[in-house]
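Reading the structure
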Amino acid sequence: MQTVQISDDVASLLRELTEREHISSANLIAQLVKSHKDEITKRDELKKFFEPYRKGLSGFTFNREEANER
């Protein structure tokens, strides 16, 4: 297993959270990692879903007078 070094501030916050949630620091970190992984998966799925709808707008120009005529 790999050792992770954390700052004193992070260690203090981790201790506070584990006391509040009544769980071990290892379980809390595992929950946070799982939650982060789920968020990344969700983000990637959304990117993949919206990929066909992405349009290049570099050549787009807006003319207010033309728009008002419509």
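Look above for the structure.
Overview of the structure. Just so it is clear, the structure is predicted and the values come from calculations on it, not from any experiment.

Here is what the cut-offs are and how they apply
- Residues numbered from 1 in each chain as written.
- Predicted model: local features only at pLDDT ≥ 70, side-chain atom pairs only at ≥ 80, totals over all residues.
- Heavy atoms only, no water.
- Salt bridge = Lys/Arg side-chain N within 4 Å of Asp/Glu carboxyl O.
- Helix = DSSP H or I, 4+ residues; strand = E, 2+ residues; numbered from the N terminus.
- Buried < 20%, exposed > 50% of the residue type's maximum accessible area, 1.4 Å probe, protein only.
- Phe/Tyr/Trp six-rings, centres within 6.5 Å; stacked < 30°, edge-to-face > 60°.
- Contact = heavy atoms within 4.5 Å.

**Things to note about the pattern of salt bridges**
A complete count under the given rule lists two salt bridges for this structure. With a closest N to O distance of 3.0 Å, lysine 34 and aspartate 38 form a salt bridge. You can see lysine 34 and its partner aspartate 38 sitting in helix 2 (residues 25–50), four residues apart, about one turn around the helix. Taking relative accessible area as the criterion, lysine 34 reaches 51% and is therefore assigned exposed. Arginine 43 is the partner of aspartate 44 in a salt bridge, and the nearest nitrogen-oxygen pair spans 3.4 Å.

**Observations concerning the packing of aromatic side chains**
All told, the structure shown has three aromatic pairs when counted by the stated rule. Residues phenylalanine 49 and tyrosine 53 carry aromatic rings whose centres are separated by 6.1 Å and whose planes lie at 50° to one another, so their mutual orientation is tilted. The same class applies to phenylalanine 49 as to tyrosine 53, namely exposed. Among the aromatic residues, ring-to-ring pairing joins Phe49, Phe50 and Tyr53 into one connected group.

**Focus: unusual backbone geometry**
Phi angles above zero are rare outside glycine, and histidine 22 is one such case at about 60°. Locating histidine 22 in the fold gives a position in the loop between helix 1 (8–21) and helix 2.

**Concerning the side chain of threonine 18**
When you line up the elements, threonine 18 lands in helix 1. In this structure threonine 18 comes out as buried when scored by relative accessible area, which is 12%. Beyond its immediate chain neighbours, meaning those up to four positions away, threonine 18 contacts Ile23, Ser24, Ser25 and Leu28.

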